[in-house]
Amino acid sequence: LCEQLFSAAHQATHFKTFKHYFFHNCPYETLYSDIYQRRGEQTARVLRDMDRTWFCVIVGDAAMAPYELTAEGGAIDYFHHNTEPGLVWLGRLADRFPRRVWLNPDPPQWWTAWTTQKIRGLFDMHPLTLDGLERAVADLRRKRV
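All figures in this text were calculated on a predicted structure; none of them were measured in a lab.

S.K.: Explain the confidence of the model for the protein to me, and be specific about the residues and the numbers.
M.R.: For the protein, per-residue confidence averages 91 on the pLDDT scale, and residues scoring 70 or more make up 94% of the total. Of all the helices and strands in the protein, helix α1 (residues 2–11) carries the lowest mean pLDDT, 68, while strand β5 (residues 124–127) carries the highest, 98.

Okay, structure coming up:
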């Protein structure tokens, strides 16, 4: 489903520029350009280089261990030590991009996890369905920079 979404976004001709990044659970200090997370850019640099006119769409289930959002070193990847909690980085994204949404592939009745609730406090969350996409786009269009 995500592959179809990103393929469609890449093929769309109405975007001035389209960029996509990968991360596991939280966008800590690196956003990756490949799904295997071998090549990436510093998140701070991405935030600096993209102005507030960009749209930010995150796709993910938002369900993770609470310490991934709240703790230094909370990243689940054994070889990665984050120096700042995931919630700090999500907050930076939210501050940078007033037009932002989170698309969740899980059904809304599963959005009761503590981490999902915290993320919903920063991002308008919609289901990753056709109806959810339509509502997300409508939300993005309504928000002003």
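S.K.: Which residues make up the side chain of N104, and what are the values?
M.R.: Positionally, N104 belongs in strand β4 (residues 100–104). At 2.8 Å, the side chain of N104 and the backbone nitrogen of D106 are in polar contact. The residues touching N104, leaving out its near neighbours within four places in the chain, are G60, D61, A62, W111, T116, M125, H126, P127 and L128.

S.K.: Any chance you could break down the pairing of β4 for me, citing the residues and the numbers?
M.R.: Among the five residues that make up β4, five are buried, leaving the element largely enclosed by the rest of the structure. Examined bridge by bridge, strand β3 (residues 56–59) and β4 share four bridges and lie parallel to one another. In the strand pairing of β4, I58 is matched with W102. In this sheet, β5 lies alongside β4 in parallel orientation, the contact comprising four bridges. Bridge pairing in β5 links N104 to P127.

S.K.: So what's going on with the nonpolar core? Residues and values would help.
M.R.: L90, L93, W102, I119 and F123 are the most contacted members of the largest nonpolar core, which has 22 residues in total. Mapped by element, the contributors of at least two residues to this core are α2 (43–49), β3 and α4 (86–96). Among the elements that line this core, the one with the most residues is α4, at three residues. Ignoring sequence-local partners within four residues, the contact set of L93 consists of P27, L47, I58 and F123. Counting five residues, the second-largest nonpolar core is a separate cluster that includes L103, L128, A136 and L140.

S.K.: Which residues make up the sheet that holds β4, and what values do they have?
M.R.: Pairing within the open sheet is parallel, and its three strands lie in the order β3-β4-β5. Sheet topology places β3 and β5 at the edges, where each strand pairs with a single neighbour. This sheet shows a mean twist of 25° between the axes of neighbouring strands, independent of strand direction. Taken strand by strand, helix α6 (residues 130–142) contacts β3, β4 and β5, and its axis lies near 155° from that of β5.

S.K.: Tell me about the packing of aromatic side chains, residues and numbers included.
M.R.: By the definition in use, this model includes one aromatic pair. Above the plane of the ring of F55 lies R99, whose end atom (NZ or CZ) is 4.1 Å from the centre.

S.K.: Give me the lowdown on α6, citing residues and values where you can.
M.R.: Between its terminal C-alpha atoms α6 stretches 19 Å, which fits the 18 Å expected from 13 residues at 1.5 Å a residue. Three or more residues of α6 are buried, namely G132, A136, D139 and L140. Looking down the long axis of α6, one finds its buried residues gathered within 95° of arc, a one-sided arrangement. The exposed set on the far side of α6, more than 90 degrees from its buried face, consists of L130, E134, R141 and R142. Each element contacted by the buried residues of α6 is listed here: β3, β4 and β5.

Criteria and cut-off values
Residues numbered from 1 in each chain as written. Predicted model: local features only at pLDDT ≥ 70, side-chain atom pairs only at ≥ 80, totals over all residues. Heavy atoms only, no water. pLDDT = per-residue confidence, 0-100. Helix = DSSP H or I, 4+ residues; strand = E, 2+ residues; numbered from the N terminus. Polar contact = N/O pair within 3.5 Å; in protein donor to acceptor, adjacent residues only side chain to side chain. Contact = heavy atoms within 4.5 Å. Buried < 20%, exposed > 50% of the residue type's maximum accessible area, 1.4 Å probe, protein only. Pairing = 2+ DSSP bridges. Core = buried A, V, L, I, M, F, W, Y, C linked by side-chain atoms within 4.5 Å. Axes fitted to C-alpha atoms, helices over the stretch in contact; angles between N-to-C directions. Phe/Tyr/Trp six-rings, centres within 6.5 Å; stacked < 30°, edge-to-face > 60°. Lys NZ or Arg CZ within 6 Å of the ring centre and 35° of its normal. Expected span 1.5 Å × (residues − 1). Arc of directions from axis to C-beta.

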